[in-house]
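If you want the building blocks of each chain, they are given just below.
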Amino acid sequence: MSKSKGNNHKHTSGYINRELSWLEFNDRVLEEARDRKNPLLERIKFLVITSTNLDEFFMIRVASLKRLVFEGYDKPDPAGMAPASQLAAIAERTHQMVARQYSTYNRSIVPALEKAGVRLVGPDDLNKEQRSYLEKYFSSTIFPILTPMAVDSSHPFPLLASRSINLSVQITRHDKEHGKTNDMAIVQVPLVLPRLVRLPVSEGYRAILLEDVIRLFIDRLFSGVRIGAVGCFRIMRNADLTLDEEDATDLLKEIEKQLRTRQWGEVIRLEVESNFDSRMLSRLVKHLKISQQDIYKIDGPLDFRALGDLATVTELEPYRYEPYEPQPVPVLQTDDLFQAIRRQDIFLHHPFESFDPVVELIRAASVNPDVLAIKQTLYRVSGNSPIIKSLIDAAESGKQVLVLVELKARFDEENNILWAKELEKAGCHVIYGLVGLKTHSKITLIVRRDADGIRRYLHLGTGNYNDLTARLYTDMGILTCSESLGVDASAFFNMLSGYSAPTVWHKLTPAPYWLRHELDMRIRLEMEHAKAGRPARIIAKVNALVDEAIIGRLYEASQAGVKIDLVVRGICCLQPGVPGLSENIAVRSIIGRFLEHSRIYYFHNDGQQDLFLSSADLMPRNLDRRVELMFPVESPEICSRVMEVLTLELEDTERARIMQPDGHYERVDKRGKTRLDSQQALCELAVKAAQQPIRQPDFRFKVKTQDPVS
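Keep in mind the model is a prediction, meaning the values are calculated, not measured. (Residues numbered from 1 in each chain as written. Predicted model: local features only at pLDDT ≥ 70, side-chain atom pairs only at ≥ 80, totals over all residues. Heavy atoms only, no water.)

1. As for the overall build of the chain
Part 1 of the argument: Counting its secondary structure elements, the chain contains 17 helices and 27 strands.
Part 2 of the argument: For the chain, whose C-alpha radius of gyration is 28 Å, the value lies close to the compact-globule estimate of 27 Å for 710 residues.
Part 3 of the argument: With respect to the three principal axes, the spread of C-alpha positions in the chain is 90 × 65 × 55 Å.
Part 4 of the argument: Taking all 710 residues of the chain together, 60% fall into the buried category. (Helix = DSSP H or I, 4+ residues; strand = E, 2+ residues; numbered from the N terminus. Rg over C-alpha atoms; globule rule 2.2 N^0.38 Å. Buried < 20%, exposed > 50% of the residue type's maximum accessible area, 1.4 Å probe, protein only.)

Written out as structure tokens, the structure is:
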């Protein structure tokens, strides 16, 4: 069994600090980069993901903690850690993580690349021909873009964009008035050019970093001065938007204004090359007003996103996962989607099955003369979304189209603003989200005039309407024309667009207000069954478990004898397996080829076996500050399919890590167990189903309730 680096904080409260749990998750992703059993390009992908994850963590979570410290807030979190102590623990842990990232890169990735015929070189490795090639490239392409910025008594320190890579240049000048002066200049590495510059070689692949090309010819940017040390650095700024929605008369304009300031927030992290000149570093620290714990000395290329360019290198093509194409959904091999949905509820499991039916349903609705209205919530969509195009076509053909575009979807704000404006131009009724709430639900309602009357067709899902991420994220959806779900869907959209506040929901359970109560009630019901000696079982699959009240209720259920299995991909603040507290709770995380993203809730309920899918994780923001949806799975066939997925993930030996009481994770002990990669198994099952349209799930809709899950 391999063991990840557990954090050093003692968890005496029954609650693990959220930020340290997130870092534990990113360590699990880093393990995939370190795992030599994964193909080389996939290992590089995981390394890039750990880097971008860490960037966003600093720009949002660390920035938020720094603001709390600045404001003098010292109240501890449920784990007993005040903001200042959290920052100290984060700094210690992230310095360790960055060291592991670059150790992985230098000691494992680089040798593997060279073995594959790919080499990233430095200025000292160039031959005469390559240097001549780079000199021409610099003169023709790079030099015209560069802007050297002096830093001296008459030139203030420039305002550098967040996550930009820059060269700091030590300058010595001589003049009659001041004599010898030591100054500094900043040269920003252009974002518009590829970070990896390919070099001419007879065979294989050679490339050099763009910043090293600039460094090689840096003297071309200056005259009449002596150039000293040249070092590469990268800054990160606070990117957390602070919106006062109550006072914002126009939410769209307010978010656009905030986005313009995001690049210029407080500097919260500084990365420098490991051999960065100490005098220049002191000047940077002074100008940027940054603490020593937020300085990271990097033994390799700053910002691993540059390695993403290797995905297009021909020599590395064999070093990928075996190709997998999302499979067609067997019951939808028909000319009429609406007819298929009328026959039965249809289950969609992405990316094992294609996302095309969702795209096609909205396209078909946009051109079908019997469709009267389309209503949809959009949280994240692709840059060239076919769904947006269909909604525009529907509006332009005279159909009633209502779209809630969530402008506050983090790091997708600009994309969503663009689409919101395009939809409005086409005549769609666009809602920009609700005051104080993010709309995170995934629902489409299509109103159609059928031969036997008006009917409502629904798509309900756990993931975004993004045709690109649907090939990478595991999500579930249901296509249905259930009358009771349709009534709830109409009430839900009326709540979003007007002043309607339903007091009764037939099938859907929205958040805020209702979802927290429903989950709490169902956990308490399992407790009652256990206390009465009846079988009691809870299984939940979520991306994050943070909510203190839900965790407390799960502890109570465990102590009452309820067997609880949790599949939590990312943050988990609950401590499993603690005697007297949570000995009946097991937690596992699955990190693999696809990003686990679906949310599933199962309650045994004295044999009724109630099963739900949802857009919501178990976090305060999802339960209290977002518009979410949970919906029941009522078709026996779909219930069996969903339970098949849960069972495979609970039996996974290859991609699963088991959470220990102190918060660290260990690989599954495989002794005596059949090897199982749940994601690979689901790929194989989807291929089999596409070839044999009538397939019974390998796991029927039954769950053991007496035996604890190891």
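2. With respect to the packing of aromatic side chains
Part 1 of the argument: Scanning all chains against the criterion turns up 15 aromatic pairs.
Part 2 of the argument: Ring geometry for Trp22 versus Phe57: centroids 4.5 Å apart, planes at 5°, classification stacked. Within this pair, whereas Trp22 is found in helix 1 (residues 18–34), its partner Phe57 is found in helix 2 (residues 40–70), the two being separated by 35 residues in sequence.
Part 3 of the argument: On the basis of relative accessibility, which here comes to 4%, the residue Phe57 falls in the buried class.
Part 4 of the argument: Seen from their ring centres, Phe352 and Phe594 are 5.6 Å apart, and the 85° between their planes marks the pair as edge-to-face. Of this pair, Phe352 sits in the loop between strand 10 (346–350) and helix 9 (356–367) while Phe594 sits in the loop between strand 21 (585–590) and strand 22 (595–596), and the two are 242 residues apart along the sequence. One exposure class covers both Phe352 and Phe594, and it is buried.
Part 5 of the argument: Joined through ring pairs, the aromatic side chains of Trp22, Phe25, Phe57, Phe58 and Tyr296 make up one cluster.
Part 6 of the argument: One residue, Lys45, lies across the ring of Phe46, its end atom 4.9 Å from the ring centre. (Phe/Tyr/Trp six-rings, centres within 6.5 Å; stacked < 30°, edge-to-face > 60°. Lys NZ or Arg CZ within 6 Å of the ring centre and 35° of its normal.)

3. Details of the environment of Phe631
Part 1 of the argument: With respect to the element layout, Phe631 can be found in strand 25 (residues 626–632).
Part 2 of the argument: It is 12 Å that separates the C-alpha atoms of Phe631 and Met476, two residues lying 155 residues apart in sequence.
Part 3 of the argument: When near neighbours in sequence (up to four residues on either side) are disregarded, Phe631 contacts Leu460, Gly461, Ile478, Leu508, Leu611, Phe612, Leu613 and Ser614. (Contact = heavy atoms within 4.5 Å.)

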